Amino acid sequence: MGLRDVLIDELRDLYSAENQLVKALPKMAKGAKDPSLKASLSNHLEETKGQVLRLRQAFEILGKKATGEHCNGMEGLIEEGQDALEKDEEGATLDVCIIGAASRVEHYEIAGYTASIEIAKALGERDVVALLTETLNEELVASKTLQGAGKVLIKQSAADSKVNEDGDKKPKSAKEKTSDKKSKEDEKKASPSIR
Ligand SMILES: [Fe+2]
């Protein structure tokens, strides 16, 4: 497998990731409470649709088909985003959870585009580099916007938490119990190498 194939693989991963996001972002925007967070998630949905088109252009330049590789990483991140939406939180605190999930998504994409740009550069694929760089810049701005919104909403959430310090917890769902169990197993497996 040569470097060109690595680039195609990376781009297929990103293509699947962006397509999954086109489906997931409206749910996140709908779940967000803060109007400006809602607006930035909706705005990023429109950008994401453009990013899908750019990737299609890149595949055309490279003479390859766009599809063929499902991105498991993004599937997991979206699932975590879904979990954030289903959490028993409200207002600014729910928004903070959404921002955490959305930021992870952006960082995943930033890593993917950064790597792909470097590979495309090495292969002398200047038009592909230009397309990917345009998208990378959008992802960087989106990530910064989320960070900015997070700063405001974390303060708001901290103030809200002081008002209702109840500690009332719902019983754990089956999904939460499984997650709890898996997390303990991870801890157990890692412990011997850490100590
Ligand atoms: Fe994206």
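What you see is a predicted model; the values in this text were computed from it and never measured.

## What to know about the overall build of the protein chain
Reasoning step 1: Per the secondary structure count, the protein chain includes six helices and zero strands.
Reasoning step 2: Along the protein chain, helices (α) and strands (β) appear in the sequence α-α-α-α-α-α when read from the amino end.
Reasoning step 3: Here the C-alpha coordinates of the protein chain stretch approximately 60 × 45 × 30 Å along the principal axes.
Reasoning step 4: Here the protein chain, with 195 residues, has 32% of them falling under the buried criterion.
Reasoning step 5: By sequence separation, contacts in the protein chain at least 24 residues apart represent 75% of the contacts at least 6 residues apart.

## Concerning the confidence of the model for the protein chain
Regions with low pLDDT carry predicted coordinates that are not meant to be interpreted in detail.
Reasoning step 1: With 96% of its residues at a pLDDT of 70 or more, the protein chain has an overall mean of 93.
Reasoning step 2: When pLDDT is averaged over each element of the protein chain, helix α2 (residues 35-62) comes out on top at 97 and helix α6 (residues 174-194) at the bottom at 88.

## Overview of the environment of Gly 150
Reasoning step 1: Position of Gly 150 among the secondary structure elements: in helix α5 (residues 126-163).
Reasoning step 2: Residues contacting Gly 150, with those up to four places away along its chain left out, are Val 96 and Ile 99.

## Some thoughts on the environment of Asp 88
Reasoning step 1: The topology assignment puts Asp 88 in the loop between α3 (72-86) and α4 (91-122).
Reasoning step 2: The sequence separation of Asp 88 and Glu 46 amounts to 42 residues, and the corresponding C-alpha distance is 29 Å.

## Section: the nonpolar core
Generally speaking, soluble globular proteins have nonpolar side chains that are buried together.
Reasoning step 1: In this structure, Leu 11, Met 28, Ile 98, Ile 99, Ala 102, Ala 120 and Leu 132 are the most contacted members of the largest nonpolar core, which totals 41 residues.
Reasoning step 2: Breaking this core down by element, the ones donating at least two residues are α1 (3-31), α2, α3, α4 and α5.
Reasoning step 3: When residues in this core are grouped by element, the largest group, 13 residues, is from α4.
Reasoning step 4: Once residues within four sequence positions are removed from consideration, Met 28 is found in contact with Leu 41, Gly 81, Ile 98 and Ala 102.

## Topic: the packing of α4 against α5
Reasoning step 1: Axis separation between α4 and α5 bottoms out at 8 Å; the angle between their running directions is 160°. Classified by the angle their axes make, α4 and α5 are roughly antiparallel. For the pair α4 and α5, the sense of crossing is left-handed.
Reasoning step 2: For the contact of α4 with α5, a count of residues per class yields 18 nonpolar, 12 polar and six charged.

## Brief notes about the packing of α1 against α3
Reasoning step 1: It is at 10 Å that the axes of α1 and α3 come closest, and there the two elements cross at 5°. Compared by their axis directions, α1 and α3 come out roughly parallel. Across from Ser 16, Ala 17, Gln 20, Leu 21, Ala 24, Lys 27, Met 28 and Gly 31 in α1, the residues of α3 making contact are Met 74, Glu 75, Ile 78, Gly 81 and Leu 85.
Reasoning step 2: Of the residues contributing to the contact of α1 with α3, the split by class is seven nonpolar, four polar and two charged.

## Here we look at α3
Reasoning step 1: Look at α3: 21 Å from first C-alpha to last across 15 residues, which is about the 21 Å you get at 1.5 Å a residue.
Reasoning step 2: Of the residues making up α3, those classed as buried are Met 74, Leu 77, Ile 78, Gly 81 and Ala 84. Considered in projection along α3, the buried side chains sweep an arc of 105° and stay on one side of the axis. Exposed positions of α3 whose direction lies more than 90 degrees from the buried face are Asn 72, Gly 76 and Glu 79.
Reasoning step 3: Looking at the buried residues of α3, the elements they touch are α1 and α4.

Parameters and conventions
Residues numbered from 1 in each chain as written. Predicted model: local features only at pLDDT ≥ 70, side-chain atom pairs only at ≥ 80, totals over all residues. Helix = DSSP H or I, 4+ residues; strand = E, 2+ residues; numbered from the N terminus. Buried ≥ 20, exposed ≤ 12 C-beta atoms within 10 Å, placed from the backbone. Contact = placed C-beta atoms within 7 Å. pLDDT = per-residue confidence, 0-100. Core = buried A, V, L, I, M, F, W, Y, C linked by C-beta atoms within 7 Å. Axes fitted to C-alpha atoms, helices over the stretch in contact; angles between N-to-C directions. Parallel < 35°, antiparallel > 145°, perpendicular 65-115°, else oblique. Left-handed = near helix turned anticlockwise from the far one by under 90°. Nonpolar A, V, L, I, M, F, W, Y, C, P; charged D, E, K, R; others polar. Expected span 1.5 Å × (residues − 1). Arc of directions from axis to C-beta.

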